[in-house]
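Close look at the chain arrangement
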Amino acid sequence: MPDSRPEILFRRHPQNPILTAADWPYPVNSVFNPGAARTPDGTTVLLCRVEDYRGLSHLCVARSANGMDHWEIDRAPTLLPAEDCPEEAWGIEDPRITYVAELERYIVAYTSYSRAGPGVSLAATRDFVQFERYGMVMMPENKDAALFPRRIQGRWALIHRPISPLGAHVWMAYSPDLRHWGGHHLVLQARRGAWWDANKIGLSPPPIETPEGWLMIYHGVRQTAAGCIYRVGLALLDTTNPERCLRRGDTWVLGPEAPYERHGDVGNVVFPCGYTLSADNDSLALYYGAADSCIGMATASVRALLAWLRRHSGAPETPAA
Ligand code: BMA
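Residues numbered from 1 in each chain as written. Predicted model: local features only at pLDDT ≥ 70, side-chain atom pairs only at ≥ 80, totals over all residues. Heavy atoms only, no water.

1. So, the sheet that holds strand β4 (residues 57-64)
- Reading across from one edge, β2-β3-β4-β5 is the order of the 4 strands in this open sheet, with antiparallel pairing throughout. Of all strands in the sheet, those bounded by a partner on one side alone are β2 (30-38) and β5 (72-73).
- One ladder, built from 7 bridges, connects β2 with strand β3 (residues 44-51); its direction is antiparallel. Along β3, the bridge assignment pairs Gly35 with Leu47. (Pairing = 2+ DSSP bridges. Helix = DSSP H or I, 4+ residues; strand = E, 2+ residues; numbered from the N terminus.)

2. Some points on helix α2 (residues 302-312)
- For α2, the set of buried residues is Val302, Leu305, Leu306, Trp308 and Leu309. The buried residues of α2 all sit within an arc of 160° when viewed along its axis, so they share a single face. Facing away from the buried surface of α2 by more than 90 degrees, the exposed residues are Arg303 and Arg311. (Buried < 20%, exposed > 50% of the residue type's maximum accessible area, 1.4 Å probe, protein only. Arc of directions from axis to C-beta.)

3. Regarding the nonpolar core
- Core analysis: the largest hydrophobic core is formed by 26 residues, its most contacted members being Phe10, Ile217, Leu234, Leu284 and Leu305.
- Looking at this core, the elements that each hand over two or more residues are β17 (213-224), β18 (227-237), β20 (270-277), β21 (283-290), β22 (294-301) and α2.
- Take this core: its biggest share by element is 5 residues, from α2.
- The contacts of Leu284, once residues within four sequence positions are left out, are Phe10, Ile208, Ile217, Tyr275, Thr276, Leu277, Ala298, Thr299, Ala300, Val302 and Leu305.
- Membership of the second largest hydrophobic core comes to 20 residues, among which are Val170, Leu188, Ala190 and Leu237. (Core = buried A, V, L, I, M, F, W, Y, C linked by side-chain atoms within 4.5 Å. Contact = heavy atoms within 4.5 Å.)

Quick look at the structure:
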């Protein structure tokens, strides 16, 4: 049994929330769940989910030299749902960005909200201005996807979260060309019962490659009589076979505590979709949606997260498909 409050691994930026709807150059209801990347000149790019006054979302870029303030926000939506695309009829949401050196492109995995429910789509970009769409690659109901930054045993690998009769668990799929996907494999399951991650889990930002394996920051949902609570936990996946979970933390490591996380359009939600990593490969800036209303940032040390996982993981539950 954990003998104390969870250790503080993530430190919220003192100016949180770092971005809100009031910062936007055009009228929007809310800005949240941003994907993140750092471009070669050191600029932090956030690809933010922006919800308009119809309730539909699109994506909009905010750029900052230090990743904390003085954001330059595109004057108009950067990526709108495609007009001729029924898969995006109800908007596009929750982007995760992976830089793929082999392709010299960022691959964005995002939720396409179709009338049949949410699915996963991919798009490629070099500059966050022009995007090449690959279309929907995971049929509804599916979300919380991100591409690994390099091929695993010759194939592209994607983490995704289908809703299946088994529940809302984390899976992997593989592709030779980013367009055709298969080889689905269950990786990590929601824990059921009273656990903080009992009812649904899903990848948060893309997996982080470390000397010990792929560090996976994931969100867990617990349904309560008062609604859902979205919190964040850690797992470690094997480097060469990421279907294998090596460690899984027992407690959450970030949960809704600050007023902007507890109150908003959907209260009690922290929902990271992106991070940037400093040149030392240790200092992590995590960008997250707070209460489906605004954007927060929290910093952590990758080494400290790995050390915590070594101390705090029970045996990972073996997925039984
Ligand atoms: C999830 C996603 C997120 C959202 C969260 C809380 O299912 O749709 O976009 O932030 O719910 O509402």
